[in-house]
Amino acid sequence: MPARPAHALACALLLLAASAAAGPAIDDPALRTRVTELENGLQLLTLEDRTTPVVSFQMWVKVGSKDESRFTGLAHLFEHMMFKGSAHIAPEEHARLVQARGGVVNAYTTNDYTVYFANVPAEALPLVIDLEAERVAHLDISEQTLESERQVVLEERRLRSEDRPNGRAREALFSLAFRAHPYRWPVIGWRSDVAAATVEACREFFRTFYAPDNIVIAIVGDFDAADAIARVTRAFGSLEPAGSIPRNPQVEPEQAGERRETVHFDLQGPVWNAAWHAPAVGHPDADALDVAAQILSGGRSSRLYESLVRGAEQALSAHAFLYEFQSAGLFMAAASVRPDASVERVEELVFAEIDRLRDSLASEAELDKARRQIEVALVGSPVTNSDLAGRIAFDTITFGRIRPLSEVLDALRAVTAADVQRVARTYLVPERRSVVQVVPPPREGDSG
Amino acid sequence: MRRIAAALLGLAAAVACAGHRSAPAPEAEGRAWIPAWELPPPPPRDAPVVAGGAVQRLDLDNGLRIILLEDHRLPRISLALHVRRGEASVPPELAGLAAFTGSLMERGAGARDAQALAWAVEELGASLAVYSDWDAMGVGISGLARDRDRLLELLADVALRPRFEAAEAERLRGETLAWLARAADDPATLAGWWTARALYPGHRYGEPQGGVPASVARLDADRARSLHRRFFVPGNAVVSASGDFDPEELLARLGELFGAWSGGDPPPPGPPPPAPAPAARKVLIVDRPELEQSRIALAHDGIERSYPERIEVSLLNSVLGGSGFSSRLTRRVRSEAGLTYGVGSHFDQRRSPGPFVVSTFTRVPETRRVIDLLLAELERIAAEPPDAQELRDAQTLAAGHFALGLETSDAVVATLVELDVYDLPEDSIDTYRARVRAVTTEDTARVARALVHPQRAAIVLVGPADALRPQVQDLGPVEVVDPLAPRP
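Residues numbered from 1 in each chain as written. Chains lettered and ligands numbered in written order. Predicted model: local features only at pLDDT ≥ 70, side-chain atom pairs only at ≥ 80, totals over all residues.

### Some words on the overall build of chain B
- Each helix and strand counted, chain B has 17 helices and 12 strands in total.
- In chain B, which comprises 488 residues, the share counted as buried stands at 50%.
- Excluding contacts between residues fewer than 6 apart, the proportion of contacts in chain B whose partners are at least 24 apart in sequence is 81%. (Helix = DSSP H or I, 4+ residues; strand = E, 2+ residues; numbered from the N terminus. Buried ≥ 20, exposed ≤ 12 C-beta atoms within 10 Å, placed from the backbone. Contact = placed C-beta atoms within 7 Å.)

### Focus on the domain arrangement of chain A
All names here are of chain A.
- Each assigned domain of chain A is listed with its residue range as follows: domain 1 (13-236) and domain 2 (259-439).
- Here domain 1 and domain 2 have C-alpha centroids that lie 28 Å from each other.
- When residues of the side of domain 1 that touches domain 2 are assigned to their parent elements, the largest contribution, eight residues, is made by helix 5 (residues 165-177). (Domains from an automatic or database assignment.)

### Thoughts on the domain arrangement of chain B
Residue and element names in this part refer to chain B.
- Entries for chain B in the domain assignment read domain 1 (55-258) and domain 2 (282-481).
- Put simply, the middle of domain 1 and the middle of domain 2, counted by C-alpha atoms, are 29 Å apart.
- Taken together, the elements giving at least two residues each to the side of domain 1 that touches domain 2 come down to strand 2 (65-70), strand 3 (76-83), helix 6 (187-199) and strand 6 (237-243).
- Top contributing element to the side of domain 1 that touches domain 2 by residue count: helix 6, with eight residues.
- Looking at the side of domain 1 that touches domain 2, its residues break down into 15 nonpolar, six polar and four charged. (Nonpolar A, V, L, I, M, F, W, Y, C, P; charged D, E, K, R; others polar.)

### A closer look at the interface of chain A and chain B
- Across the boundary between the two partners, chain A contributes 66 residues, which contact 70 residues of chain B.
- Contributions of two or more residues to the side of chain A that touches chain B are made by helix 2 (93-100), strand 6 (114-121), helix 3 (125-138), helix 4 (143-162), helix 8 (225-236) and helix 12 (364-379) of chain A.
- Top contributing element to the side of chain A that touches chain B by residue count: helix 4 of chain A, with nine residues.
- Residues that form the side of chain A that touches chain B fall into these classes: 25 nonpolar, 18 polar and 23 charged.

### Section: the sheet that holds strand 10 (residues 353-363) of chain B
- One open sheet holds the six strands; their spatial order is 9-10-8-11-7-12 (chain B), and the pairing between them is mixed. In this open sheet, the two strands that pair with only one neighbour each are strand 9 (343-349) and strand 12 (478-481) of chain B. Recorded for the sheet is a direction-independent mean angle of 20° between the axes of neighbouring strands.
- Its contacts with the sheet place helix 4 of chain A against strand 8 (293-301) and strand 10 of chain B, and it is angled at close to 110° to strand 10 of chain B. (Pairing = 2+ DSSP bridges. Axes fitted to C-alpha atoms, helices over the stretch in contact; angles between N-to-C directions.)

### What to know about helix 4 (residues 148-160) of chain B
Residues and elements named next belong to chain B.
- Between the first and last C-alpha of helix 4 there are 18 Å, a value that for 13 residues agrees with the 18 Å anticipated at 1.5 Å per step.
- Burial runs high along helix 4: 10 of the 13 residues are buried.
- Of all the residues in helix 4, the buried ones are R148, L151, L152, L154, L155, A156, D157, V158, A159 and L160.
- Among the structural elements, strand 3, helix 2 (97-105), helix 3 (114-122), strand 4 (127-132), strand 5 (137-144) and helix 9 (247-258) are those in contact with the buried residues of helix 4. (Expected span 1.5 Å × (residues − 1).)

### What about the pairing of strand 9 (residues 271-278) of chain A?
All names here are of chain A.
- With eight of eight residues buried, strand 9 is to be regarded as a mostly interior element.
- The alternating pattern of strand 9 places V271, N273, A275 and H277 and W272, A274, W276 and A278 on opposite faces, both of which are buried.
- The pairing of strand 9 with strand 12 (residues 433-439) spans six bridges and is antiparallel. Counted as the bridge partner of W276 is R433 from strand 12.

### Side note on the pairing of strand 6 of chain B
Residue and element names in this part refer to chain B.
- Most of strand 6 is tucked away, with seven of its seven residues classed as buried.
- Burial along strand 6 is two-sided: A237, V239, A241 and G243 and V238, S240 and S242, pointing in opposite directions, are all buried.
- Note that strand 3 and strand 6 share seven bridges and pair antiparallel. Its bridge partner lying in strand 6, L81 is registered against V239.

### Notes on the sheet that holds strand 10 (residues 315-324) of chain A
All names here are of chain A.
- Spatial strand order, 8-12-9-11-10: five strands in an open sheet with mixed pairing. Here the strands that pair on one side only, and so sit at the sheet edges, are strand 8 (259-264) and strand 10. Pairwise comparison of adjacent strand axes, ignoring direction, gives a mean angle of 15° for this sheet.
- Two elements, strand 8 and strand 12, share six bridges in a ladder whose sense is parallel. Each bridged residue has a counterpart across the sheet, and for H264 the counterpart in strand 12 is V439.
- Sheet strands touched by helix 9 (residues 286-297): strand 9, strand 10 and strand 11 (329-337). Its angle to strand 10, the strand with the most contacts, is close to 175°.
- Sheet strands in contact with helix 11 (residues 343-359) are strand 9, strand 10, strand 11 and strand 12, and its direction is about 135° off that of strand 11.

Dropping the structure here:
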């Protein structure tokens, strides 16, 4: 059983939160975050907000599918195994105990990180902290629990990917757009790998990546930060830091020419997807690409809606968005093709709108609208403790600090029509794109 | 060892200085501290989710109800107008008319046609949606607080003055038919459609909320206009607002925009479905030959939203299959057997009794094994109803979920509107946790015996009929249908 010896007891090292003042108009609660780094490198973010008697706890581990080597899907399969028992907690007991105190608990895995979260009544926070530390210190992976959970994950894979046209499209698109980088395989992994992953591989994965200096914990809500810091320090402080975490070295080579793939699936409405290589998260061009995506598909007044959905009546929906990974990015376009329409025509119409972004400047009114839509999404949506915890943890992992909302908004407001055109000309070019369509198989008697 | 002890002492001091509520655990059994899972749970704080007096309600002279909740944390506002009627008030041959009417309301209102309306909303960065369900329809708009008056005018236009242009109706009908064809690509959607049909043939509940191709083909602008005229009357409506606003100013604006609104009585809510539904066990296979995974639904009639023992039922269902990882169904089918990724049970509560549905999915060859496990758990919930520990855990979970579900003022107001739609007591959210804790194991045993009937549940499967039929032939009469077959 993996366990970390308890000789590196922590003294909490308190750092002050990002103290940059919020802009005059916005009271950004995230700026009240208190950042604590334990001696073993674990970063703890605490943010008190007493509005409602609940707390969100999130543990972000800096490991995702991009860190897998022998078995794809291991990061996700391992995430499941974190609920299958530890030295002092029986399989499934972790979730049951949290629920029995009135909370919800779950986890998710992405290409870049794995997040364990619990949203609980305020009085259940100590339990959540202790349980989280218990499994990080004393996880117990057995042949039996791995075997049953492997079957669960294979069902999840059938549900999300194999029996779902959009899942087929996404899986094909990523492995087409990325040739070298580990983003090319799906987070849930290839079926053969999930079927073959071993207990020893899980244990090795755990030893390598679940170290305190690879973990960020965020706690937001109705709790006492000093109490929580003391408790996290006591529970996690004895874990041994890894020092350095091995990462896969692949860098995606420049794409020099369009790539295409067709997937056959028995369906009524074809799916069309395209992706252009774009910068990784944190790049200054991201704001202009976001605005470009908004101009393309932000609501019923957007260009793709007017062209594909309302005008030509070829698609039921069409979306463009920037997908930012930690070490690469994709600008994506996706359309749900009407059963009575042509997938080729949909592609033609989407590409015509991409060309238009490159060839002409957006009007000021269109630009204002797009920027305003993004701004309202940032400051005008109800915010839960869980939303805030996710934001401060993500920012800390990605940028090494919490970005004030005012800074995010300033960058957005600075985007000009010329910027949008420039990023379209830089990134949204045929040489950098990959195209996938999921269509019904040819009927018997059809040629080709 | 000396170093550890010293460090722990230091920590204890730090905790004490911080004015802690929970003292560090004493040394016991040679351990430095006792983890929280070994200690008795702290008493629930049950802090109110809404401060007393924060919610304002009043009725205008024309009968329009108003519910307001101020929340100044963010410079935003959510506004909505709901009416207390929905798809259940539409005859089966026009299934989908409420949804169709709502979508058409989004496509042109007041002085603006569809595109002008979309632009007017989106240039504010706002979101507008008209939604419909079985028992209600609602127009909602949200955006920045500084745009309050423009948002209110847009809300009033869409709710009171939709244009119902014939060309837009035609376009929408085409889109809706295409959506229905596409929706059939989704096995879960197919399972829902055919489960409804298996339970309630001939009744409005037997057709999907959004209709079927035959009913949607009958929808047009005139029918939508007529539904709007009957449903959207002030005595049948409630306006709600949450967010950053001055209530006096908002009330004054609401009076100007909605005070002169008039109309007659709303239509009846629609007849209840026949019971029992179904009368006897039947098996329906929706043939999707290419699927690797079968969808499985077991269903029969359930309870209405105002059922007197609805809290007892929800606690029972939580133990059975409503609480994810903690439920008996998840433990049996997912955690122990590894046969699925998700399994759950649900009493769909509407104005009239809606279905009770147990649903899951598994690899095709294991379908029968999963059905047997589901049937066994349904038998067991009546034979071995929740024990004291199971009930206590379900009660804590319900009370905790309740607070988590009301974290934002939008969620609080949505809950208050929902209570209004179903004529449930205004103070339900104040009394909910006490009512949950008052439930006994006798109560949950009683509702289990009264409401769970595996022996006559319909079994609906979506997947390859060739592989499924041999597995279920002995369970009851089997019917195989084409997913897109026209309904009788």
